[in-house]
Amino acid sequence: MAIRERWAAIRRDVRGAAKAQVANVTSDSGASGSADTAKVSVIVPVYNAMPYLTELLNSLEVQDLDASLFELIAVDDGSTDFSGEILDVYAARNSNFRVIHQENSGWPGKPRNVGIAASKAQYVFFCDADDRLGPQALRRMVDYACENDVDVLVPKMVGIGGRRVQASLFERTVKDVDLREILRSLSPQKMVRRELLVKNGITFHEDKVRLEDGMVMSQCYLLSQRTSILADYDYYYIRTREDGANISSTPTIPEGYTWSVGEIARILTEGDKDAGRAKLLVLDLYRRKCLRVYEPQRFLKFTSEIQQRWMAAHADFVDRYIPQDLEAELVTPFKQKTQFIRNRDVAGMLEYCKLESSLQPTARATGMEFRASGLAMEVSLEHGDVDTVDLLVRSRDAGAERSFTMRRAGNEASLFHAELPYSQLDDLPSAIVDFFTEASSRGMTGKLQRVTVGEQLDLPTQRDHRRPYATIHGSLSLDLRR
């Protein structure tokens, strides 16, 4: 069945909850002077966005793309500060700016839908009112998208005001980005072919639904014939507001948020014709959006009631979308936490979270010696309280690994040693291998920790084909290439 046919049922369900209603417009400056010629419409939902709004509008005024080739469609969602008045001032002096004032809807979804409906451009670019663009952003994006026939363009983002961005996603420009990779970014700050939205009936939820932008972007990625990352310029500056008014900063309702994650999982499961890949996409989503709740510094601060509500909501999600064979793809500590969730074991999760920091001690190699039968190693584990430690030697390319049990070095509580027989090391593929420790306590295991080279350690010289060295980040590796 073609992917567009697969979307028929999904669109019926999504439209039922997200169908764009006629906006209660109070005033409209009318079609911009660039409405018929614009290559891209910049769609901005605005609600009480001062003083940041002027920074965005200024960045749009100084774009080096000809004004006839882009327009701003700003939808004022019933602002109670003077954002609406500021928009009118800028629209009066920029013929390619359009301002629509409407009654407050309470969420960005409806203003974005109104903006899509008002646009005639080839592309729409979703922008937030408290962010800003680099002066060459629109020209570079439009040129690249048109030259390469792009459906969804993901521009490089830069965090401001303490905002964290996925810097690794923007290390290089990628013409055809892998679906699993791009699904790491579900925020709406993308340039999308408008026809892709209109023909497939893709709209934003208009109620107060978390991750409504992720639902839209996941549909766009699945239907896109070409999704590209553009990383050759600082295109989009995304902000954490000092007043904490970002939607992502508002209190999260466990049941509602998990329902939204479930909707994205459903979209991925039903919309991806590759069923095996769809399962991995859902697993990635679960790890990013659900398991982060159980970071110790976060979960332990919740009240008992909220802890139980999160685990009950996530248990239902796991029962539906994470079968045990898929759970096996997770690494520690995600696998153990999923087992607690599946069993609805709040007490076990709390105990694990309390132990987790002690199960992630800093691992430093303090001794290394080539002996007659093997490589002897001593490792110092700092800031931890562990019962047992395994040393893992993992091939960087092939993924093969060997595990060695470490023993305490005399009466030193933090020092552990192990001897790695050459026969087991040489059984690994001819490659570079890296060293990790995996600590356990009270039957619980922490995540792998990379072993670094202690400051006082002089690494031994090469023996046969075995050459130890420190990476640029100070981690310990062994070159076994023959």
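Data block above holds the structure.
Given the structure is predicted, the values throughout are model-derived calculations rather than measurements.

A. A look at the overall build of the protein chain. Regarding its fold elements, the protein chain presents 16 helices and 22 strands. Out of the 482 residues belonging to the protein chain, those deemed buried represent 54%. Here the analysis covers contacts within the protein chain between residues at least 6 apart in sequence; of these, 76% occur between residues at least 24 apart. Surface summary for the protein chain: the accessible area is close to 21,600 Å², and the carbon and sulfur share equals 46%. Of the side chains in the protein chain, 63 bear a positive and 69 a negative charge, and the two mean positions are spaced by 3 Å.

B. Expanded view of unusual backbone geometry. Backbone torsion omega between Met50 and Pro51 reads 5 degrees, so that peptide bond is classified as cis. Its location among the elements puts Pro51 in the loop between strand E2 (40-46) and helix H2 (52-61). Cis rather than trans, the peptide bond between Thr332 and Pro333 has omega equal to 5 degrees. Tracing the backbone through its elements, the reader meets Pro333 in the loop between helix H13 (324-327) and helix H14 (334-342). Even without being glycine, Leu211 reaches a positive phi, approximately 65 degrees. In this structure, Leu211 sits in the loop between helix H7 (194-199) and helix H8 (212-223). On the accessibility criterion, Leu211 (13% relative accessible area) is buried. The phi angle at Arg344 is positive, at roughly 55 degrees, despite the residue not being glycine. If you trace the backbone, Arg344 turns up in the loop between H14 and helix H15 (346-356).

C. View of the sheet that holds strand E1 (residues 25-28). With respect to topology, eight strands assemble into an open sheet ordered E1-E4-E3-E2-E5-E9-E7-E10, the strand pairing being mixed. What marks the edges here is a single partner per strand, and that holds for E1 and strand E10 (227-230). Ignoring which end each strand starts from, the neighbouring axes of this sheet average 20 degrees apart. Sheet topology places E2 next to strand E3 (residues 70-77); seven bridges connect them, and they run parallel. From the neighbouring strand, Val44 faces E3, where its bridge partner is Ala74.

D. Geometry of the sheet that holds strand E6 (residues 132-133). The mixed open sheet is built from three strands, whose spatial order is E6-E11-E8. Strands at the two margins of the open sheet, each flanked by one partner only, are E6 and strand E8 (157-160).

E. The layout of surface pockets, seen in detail. Counted as a void, the second largest pocket has a volume near 290 Å³. Looking at the second largest pocket, it is lined by 16 residues, and the ones nearest its centre are Leu179, Tyr221, Leu222, Ser224 and Arg277. Those elements that place two or more of their residues in the lining of the second largest pocket are helix H6 (179-182) and H8. The biggest single contributor to the lining of the second largest pocket is H8, with three residues. Among the residues making up the lining of the second largest pocket, the classes are represented as seven nonpolar, three polar and six charged.

F. The arrangement of the pattern of salt bridges in detail. This model, assessed by the stated rule, comprises 37 salt bridges. A salt bridge links Arg396 to Asp434, with the shortest nitrogen-to-oxygen separation between them at 2.8 Å. Of this pair, Arg396 sits in the loop between strand E14 (388-395) and strand E15 (401-408) while Asp434 sits in strand E17 (residues 432-441), placing them 38 residues apart in sequence.

What counts, and where the lines are drawn
Residues numbered from 1 in each chain as written. Predicted model: local features only at pLDDT ≥ 70, side-chain atom pairs only at ≥ 80, totals over all residues. Heavy atoms only, no water. Helix = DSSP H or I, 4+ residues; strand = E, 2+ residues; numbered from the N terminus. Buried < 20%, exposed > 50% of the residue type's maximum accessible area, 1.4 Å probe, protein only. Contact = heavy atoms within 4.5 Å. Areas by Shrake-Rupley, 256 points an atom, 1.4 Å probe, with all protein chains shown as cover. Lys, Arg positive; Asp, Glu negative; His and termini not counted. Charge placed at Lys NZ, Arg CZ, Asp CG, Glu CD. Pairing = 2+ DSSP bridges. Axes fitted to C-alpha atoms, helices over the stretch in contact; angles between N-to-C directions. 1 Å grid on protein atoms, 1.4 Å probe; cavity = no way out; pocket = protein on both sides within 12 Å on 5 of 7 lines; lining within 4 Å. Points joined across faces, edges and corners; volume = space filled by probe spheres on them. Nonpolar A, V, L, I, M, F, W, Y, C, P; charged D, E, K, R; others polar. Salt bridge = Lys/Arg side-chain N within 4 Å of Asp/Glu carboxyl O.

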